[in-house]
Amino acid sequence: MNNMIVELEKISKYYENNGLVRRDVLNEISLSIKAGDSLAIVGPSGSGKSTLLNILGTLDLPSSGILKIKGKDIQQFTENQLAEIRNKNIGFIFQLHHLLPQLTLIENVLVPTIPLTDKNLKKTSMERAMNLLESVGMADKINQRPGQLSGGECQRAAVVRALINEPDLILADEPTGSLDQDSAEQLGELLTKINKEQNVAMVLVTHSIELAKRMDAIYKLDHGKIERFDIK
Ligand SMILES: Nc1ncnc2c1ncn2[C@@H]1O[C@H](COP(=O)(O)OP(=O)(O)OP(=O)(O)O)[C@@H](O)[C@H]1O
Ligand SMILES: [Mg+2]
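Residues numbered from 1 in each chain as written. Chains lettered and ligands numbered in written order. Predicted model: local features only at pLDDT ≥ 70, side-chain atom pairs only at ≥ 80, totals over all residues. Heavy atoms only, no water.

(A) Structural view of the pattern of salt bridges. Applying the stated criterion to the full structure yields 10 salt bridges. A salt bridge links Arg22 to Asp24; the shortest N-O distance between them is 3.0 Å. Given the relative accessible area of 47%, Asp24 is considered partly exposed. (Salt bridge = Lys/Arg side-chain N within 4 Å of Asp/Glu carboxyl O. Buried < 20%, exposed > 50% of the residue type's maximum accessible area, 1.4 Å probe, protein only.)

Have a look at this one:
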């Protein structure tokens, strides 16, 4: 049990519009993610994929059910503790990179390390950032701002930023959604490599079946339920 990273137990989520109409998005979903797991979540638009990912990442709270991170029920944490756990353990990648336009590449990548106070940790982060940027072929672009980078480069930068604090889990919502086919393939390769070589668990939401197939398991979300989907 000690290699469990996130566990969902009968997680439901519904939204109410002015307290009138209730819309059930997730219906008693149970799922566990262990160290090094990789899974893709597919499903129609509006089926709740982003909602599920946000709950996995504690960015959103379920309406009912239990969410455990490394064996601990998240209800026992304060909002500050949760933010710290999230920052240390989870790396997020979105469809649009969310890089800050006024910061350079290297500054953007180091944003998640700002809360770190330890000087040695800061130094290690800088070295780690340089190594990671080197590995994605962007070491010569560290002083460029996002406006001076291509879409594919921005997404690779977002991957590096997600990895900077050595998370146990990467959550990616349509990471290749804004990319052309070549850049999408390159990013898919990078994500697979990270998952295998660094044993980082990965959950990615995607409409791309090519990307989904790179993961060890594919789950389909529909009508609030999730089921294993085999296309391999
Ligand atoms: N804050 C909110 N308030 C009310 N309804 C919401 C809210 N957030 C999401 N929803 C609804 O929940 C449903 C699921 O949304 P979600 O964004 O999770 O879908 P998705 O599967 O990620 O879709 P897509 O593939 O288009 O990104 C949608 O019907 C959406 O309108
Ligand atoms: Mg979505």
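(B) Highlighting unusual backbone geometry. We note that Lys70 has phi near 45 degrees; this positive angle belongs to a residue other than glycine. Within the fold, Lys70 resides in the loop between β4 (64-69) and β5 (72-73). Of note, Glu174 is a non-glycine position whose phi angle comes to about 50 degrees, a positive value. Looking at the secondary structure, you find Glu174 in the loop between β7 (169-173) and α6 (181-198). (Helix = DSSP H or I, 4+ residues; strand = E, 2+ residues; numbered from the N terminus.)

(C) Looking closely at the packing of aromatic side chains. Applying the stated rule across the entire model yields 1 aromatic pair. Between the NZ or CZ atom of Arg22 and the centre of the ring of Tyr14, over which it lies, the distance is 3.7 Å. (Phe/Tyr/Trp six-rings, centres within 6.5 Å; stacked < 30°, edge-to-face > 60°. Lys NZ or Arg CZ within 6 Å of the ring centre and 35° of its normal.)

(D) View of the nonpolar core. Counting residues in each nonpolar core, the largest one holds 38 residues, and the members touching the most others are Ile93, Leu133, Val159 and Leu204. Mapped onto this core, the elements with two or more residues apiece are β3 (38-42), α3 (105-109), α4 (119-135), α5 (151-163), β7, α6, β8 (201-205) and α7 (209-213). Among the elements that take part in this core, α5 stands out by supplying 7 residues, more than any other. (Core = buried A, V, L, I, M, F, W, Y, C linked by side-chain atoms within 4.5 Å.)

(E) Broad picture of the pairing of β3. Burial analysis of β3 places 5 of its 5 residues in the buried class, the great majority of the element. Here β3 runs beside β8; their pairing, made up of 4 bridges, is parallel. Within β8, the position partnered with Ala40 by the bridge is Leu204. As defined by bridge partners, β3 adjoins strand β9 (residues 217-222) across 4 bridges and the pair is classed as parallel. By the bridge assignment, Ala40 is partnered in β9 with Ile218. (Pairing = 2+ DSSP bridges.)

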